[in-house]
Amino acid sequence: MVTGNQDTNSRIKHKKTLILIADITALIIAFLLALLCRYISSSTWQISEVWTMLDGINIIIPIISVVLYLAIFFLADKEAYKLESQNLLIMVIYIIRNYLFLFISLVLVLYLAQRGPYISRLVLGLFMIFGMILDTVARSVVSSLINKKLGTLSGIHKGDSADSRPHLLVFAHYYIPDVASTGQILKELSEGLLDTFRVTVVCTVPSYTGVIAQQYKTHKFYEEDINNVHVIRISVPEFSKADKMSRIRNILSYFAGAMQVTEMIGDVDYVYSISQPPILGGMLGVYAKWRKRAKFVYNIQDFNPEQTMAVKYSDNKLVLGLMMAIDKYSCAHSDLVITVGRDLGETLEKRFSGKKVPRYTIINNWMDEKKLYPLPLDDPKVSAFRNLHDFGDDFVIMYSGNIGLYYDLDGILAVIEKFKPGTRTADGRNVRFVFVGGGSLVDTLEVYVSQHHMDNVVFLPYQNQSDLIYSLNCADVHWCISAKGIKGVSCPSKYYGIAAVGKPVLAVLEKGSEIRTIIEETGSGICCDPEDYKAVEDGIRWFLDNAGSPEFTKMGQRGHKNLMENLTKDISIKKYREAILDC
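Fair warning: this is a prediction, and the values are worked out from it, not measured in the lab. (Residues numbered from 1 in each chain as written. Predicted model: local features only at pLDDT ≥ 70, side-chain atom pairs only at ≥ 80, totals over all residues. Heavy atoms only, no water.)

What the rule picks out here adds up to 16 aromatic pairs. Judged by centre distance (6.1 Å) and plane angle (55°), the rings of Tyr 287 and Trp 290 are tilted. Note that Tyr 287 and Trp 290 are positioned in helix α8 (residues 280–292) at a spacing of 3 residues, about one turn of the helix. Taken together, a centroid distance of 6.0 Å and an interplanar angle of 40° make the contact between Tyr 399 and Phe 435 tilted. (Phe/Tyr/Trp six-rings, centres within 6.5 Å; stacked < 30°, edge-to-face > 60°. Helix = DSSP H or I, 4+ residues; strand = E, 2+ residues; numbered from the N terminus.)

Next up, the structure:
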């Protein structure tokens, strides 16, 4: 059930508007008064007048803020004014604090004036700095009190006090029904941990493709109960994956909303955050750990800024250096880092040069083997899927997943072009290359295919979760690809789905990467180095020449056997449960 919390959103909107109007007005009036005093006085502008002006602002802001807070709230919403009246006491505390500060300042000035102007100015300057620090701390405490009050009034779920399970707060970014692989993994992880934890997931409204349904455009927050997992969704602006600024706005909206939700929920025992959005995922975890005095588990699915540098998304050294410093801070202040591959563990150690490496463990991702499993090509629903898209009995080589920057798909497409329409396998089947998914490169690749008359290449959108089993099973071979430089940075989770349906893999992955190591250890596919296009071409030809052979079939079977023995959902979730409780 989806509920837009209208009361919450209304109060937040009122609150933000009031504070903005009050503070801006107070600043303007304070400066006007200071300028007026200067105009009336014919004396030269002195630094002491700046101090006086600052003291004036210090006093005037809370006074005007309270007046406007009272006036606008009372006129706009009397009921809200009554409910929020406790916050006025906090505003009064501000006023008292500032009057005391002014009084002590004047006493110090009068006393120290006899000791010499430089000493007077120095001491008063230090006192001003102390006052600013005190004011910052006070505002932080007050903000926390207001947000807690707001959370209580808003109806944001704080859990059943009679529930003895530890409370696990999960920052997911994307969550089902979004098709992001991490969204599916976190759905299964959250539900799999319910026997041990009470789980709250904080994520965006469904928006992985950049488009947001109308039902999620009316409120700031939405609360859902999905299979006993409490989900709080944050409204974010739509975006285009080809437009950097729209993506940044989208990500920052989620980040700000997630911080606000952190203040509004109740006590938390454990915080779990993935490395998405890049850098900000870790920051959310650190923030929630500090605010909730909880244990923080940082799950790194992708290392950034290493991923950003690998695909040359940015070469700004200042920005990349700042990103690295922040994410290292997040790692260092976690209670446990969980990486999803051995090569990612090596990257973590390299980040810290082998010194004071944060405590970490490695837990592979997975695919639910009860929902994805091998089906023969003549299965009625698999056949129906193939017929729906006019595949017939074609030999299908499929790429399924994000069609974005991290996969060198434009280079792969240039290799595919060498296999002209009408190319056949050794057993006489037409060859078809199918791309299923979406992302920033879809339009570019479709234009390339059209311009080069590659009629044996087909693009399909993301499939519904219920149809994924038929989509994956309708292929004969699956691609598993990462661009050069991604080793130790990211781990393509699509492999687990391929292994779950028992299909051979044509892997374009760097030596030593987690998934390539698994494929080579199990003999479940053919591996090539990224950008070694001759080897990629040879790999395709091997599958065409050996289609239907015993070795071809055994490749997929070996991958499925390894998954069932070592990489099932239950095995990985058990590892997560033990790791979280032990951190």
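Tracing the backbone shows Thr 347 in helix α11 (residues 342–351). Setting aside anything within four residues of it in sequence, one finds Thr 347 in contact with Phe 303, Glu 306, Gly 488 and Val 489. (Contact = heavy atoms within 4.5 Å.)

With that out of the way, let us pick up a nonpolar patch on the surface. Taken together, the side chains of Met 245, Ile 248 and Leu 252 present a nonpolar region at the surface, about 280 Å² in accessible area. Among the secondary structure elements, Met 245 is positioned in helix α7 (residues 244–264). Residue classification places Met 245 among the partly exposed residues on the basis of a relative accessible area of 49%. (Patch = residues over 30% accessible without salt bridge, like charges linked within 9 Å, V, L, I, M, F, W, Y side chains within 5 Å. Areas by Shrake-Rupley, 256 points an atom, 1.4 Å probe, with all protein chains shown as cover. Salt bridge = Lys/Arg side-chain N within 4 Å of Asp/Glu carboxyl O. Buried < 20%, exposed > 50% of the residue type's maximum accessible area, 1.4 Å probe, protein only.)

Attention shifts here to unusual backbone geometry. Look at the link from Gln 276 to Pro 277: it is a cis peptide, with omega at -5°. Relative to the assigned elements, Pro 277 resides in the loop between β6 (270–274) and α8. Of note, the amide linkage connecting Asn 304 to Pro 305 takes the cis form, showing an omega dihedral of 20°. The phi dihedral of Asp 408 is positive, around 50°, even though this residue is not glycine.

Under the 1.5 Å per step criterion, the end-to-end length of helix α10 (residues 317–332) is 22 Å for 16 residues, consistent within 8% with the ideal 22 Å. Buried residues belonging to α10 abut α8, β7 (295–300), α9 (306–310), β8 (336–339) and α11. Capping the start of α10 is the job of one residue whose side-chain oxygen sits 3.1 Å from the backbone nitrogen of Leu 318: Asn 316. (Expected span 1.5 Å × (residues − 1). Polar contact = N/O pair within 3.5 Å; in protein donor to acceptor, adjacent residues only side chain to side chain.)

With that out of the way, let us pick up the sheet that holds strand β14 (residues 505–508). Sheet architecture is open: 6 strands sit in the order β12-β11-β10-β13-β14-β15, paired in parallel fashion. Each edge of the open sheet carries a strand with a single partner, namely β12 (457–460) and β15 (525–528). Shown here is a sheet whose adjacent strand axes are inclined to one another by a mean of 20°, direction ignored. The pairing of β14 with β15 spans 4 bridges and is parallel. Bridged to Val 505 within β15 is Gly 525. Relative to the sheet, helix α17 (residues 514–522) contacts β13 (477–481), β14 and β15, its axis offset from that of β15 by approximately 135°. (Pairing = 2+ DSSP bridges. Axes fitted to C-alpha atoms, helices over the stretch in contact; angles between N-to-C directions.)

So far we have only geometry, and geometry alone does not tell us how the molecule works.
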